[in-house]
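Per-entry structural report
Chain by chain, the residues:
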Amino acid sequence: MSQPTESRTLTHFDADGQAHMVDVGDKNETRRVAVCRGAITMKPETFAMIKAGSAKKGDVLGIARIAAIQASKRTAELIPLCHPIPLTRVTVEFEPDEAVSTIVCTVTAETVGRTGVEMEALTATSVALLTIYDMCKAVDRGMRIDDVRLVEKLGGKSGHWKAED
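Going through the model one piece at a time under the given rule, you end up with 8 salt bridges. A salt bridge links Glu77 to Arg74; the nearest nitrogen and oxygen atoms lie 2.8 Å apart. Between Lys137 and Asp134 there is a salt bridge whose closest N-O contact spans 2.4 Å. Overall, the relative accessible area of 26% leaves Lys137 in the partly exposed class. With a relative accessible area of 37%, Asp134 lands in the partly exposed category. Where salt bridges share partners, they join Arg31, Arg89 and Glu110 into one cluster.

Let us look at the packing of helix 2 (residues 60-73) against helix 4 (residues 118-136). What describes two packed helices is the angle between their axes and the distance between those same axes. Where helix 2 contacts helix 4, the two axes come as close as 8 Å, and the packing angle between them is 145 degrees. Relative to helix 4, the crossing made by helix 2 is right-handed. Taking contact as the criterion, the partners of Val60, Leu61, Ile63, Ala64, Ala67, Ala68, Ala71 and Ser72 in helix 2 are, on helix 4, Glu120, Thr123, Ala124, Val127, Ala128, Thr131, Ile132, Met135 and Cys136. Of the residues assigned to the contact of helix 2 with helix 4, the class counts are 13 nonpolar, 3 polar and 1 charged.

On to the nonpolar core, then. Met42, Ile50, Phe94, Ile103 and Ile132 are the most contacted members of the largest nonpolar core, which has 28 residues in total. Elements with a minimum of two residues in this core: strand 1 (30-41), helix 1 (44-52), helix 2, strand 2 (87-97), strand 3 (102-113) and helix 4. Considering every element that reaches this core, the biggest residue donor is helix 4, with 7 residues.

Working note: regular strand, side chains alternate between the two faces of the sheet. Strand direction decides the pairing type here: strand 1 and strand 4 (residues 144-154), joined by 8 bridges, are antiparallel. Directly across from Val35, in strand 4, lies its bridge partner Glu152. Strand direction decides the pairing type here: strand 4 and strand 5 (residues 161-162), joined by 2 bridges, are antiparallel. Following the sheet pairing, Glu152 is matched in strand 5 by Lys162. Following strand 4, the chain reverses through 6 residues before pairing antiparallel with strand 5; Gly155 in that reversal takes a positive phi of roughly 100 degrees.

A surface patch of nonpolar side chains, amounting to about 240 Å² of accessible area, comprises Leu78, Ile79 and Met119. Tracing the chain through its elements places Met119 in helix 4. By relative accessible area, Met119 is classed as partly exposed at 33%.

Criteria and thresholds
Residue numbers restart at each chain and count upward from 1, following the sequence in its written direction. Under the rules for a predicted model, residues below a pLDDT of 70 receive no local features and side-chain atom pairs below 80 are neither given nor counted, while totals for whole chains, interfaces and linings still include all residues. Processing note: side-chain calculations cover all non-hydrogen atoms of the structure and skip hydrogens and water entirely. We define a salt bridge as a contact between a side-chain nitrogen of Lys or Arg and a carboxyl oxygen of Asp or Glu at a distance within 4 Å. Categorising residues by exposure relies on relative accessible area from a 1.4 Å probe, with only protein chains included: less than 20% of the type maximum marks a residue as buried, more than 50% marks it as exposed, and the intermediate range marks it as partly exposed. Every axis corresponds to a line fitted to the C-alpha atoms, with the helix fit spanning only the stretch in contact, and the corresponding angles, defined between N-to-C directions, vary from 0 to 180 degrees. The secondary structure listing takes helices from DSSP runs of H or I that are at least 4 residues long and strands from runs of E that are at least 2 residues long, numbered from the N terminus. It is the rotation of the near helix from the far one that decides the hand of a crossing: anticlockwise by less than a right angle makes it left-handed, clockwise makes it right-handed. Residue contacts follow a heavy-atom distance rule, with two residues in contact if any of their heavy atoms lie within 4.5 Å. Throughout, the ten residues Ala, Val, Leu, Ile, Met, Phe, Trp, Tyr, Cys and Pro are labelled nonpolar, Asp, Glu, Lys and Arg are labelled charged, and all others, Gly among them, are labelled polar. Put simply, a nonpolar core is a bunch of buried Ala, Val, Leu, Ile, Met, Phe, Trp, Tyr and Cys residues held in one set by side-chain atoms that sit within 4.5 Å of each other. At least two bridges found by DSSP between two strands are what make those strands a pair. Residues forming no salt bridge and having over 30% relative accessible area are the ones grouped into patches, like charges within 9 Å of each other and nonpolar side chains (Val, Leu, Ile, Met, Phe, Trp, Tyr) within 5 Å. Residue burial considers only the protein chains on display, and all accessible areas are found by Shrake-Rupley using a 1.4 Å probe.

Following this line, the structure appears as structure tokens:
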């Protein structure tokens, strides 16, 4: 897998430095995939409550999954210069790590189009973690959301990219 060279040009600014939406009209439609990951760390008691499904507001991870999918579909409404794109698939996975009372969220977003789905996957990951926080903040206001990032991207002119960690 080749690591494409990252551009040193900000694509959302014209020659005069004015913000604009990138023109993707001449790009080829390709299958595009983005995988993003983030984590939320909490008190062991909060972690146990989520894992047992005994939170007062209900199935925390189930609701966070739906929130993530909904957020991915509304990304263009939140990020000013983001293109609205037709998503073909969004998956949301949660990996509980009891040893550190952390839940890792991984989102995979896919489309067939002229622009990537990184922003949709990042938005979905962030909203999933924020939903967990919202549903559990009554018992644990000290939860910490960390390390929300793109871990892999496929498709488009730049090809396949994977984080080096």
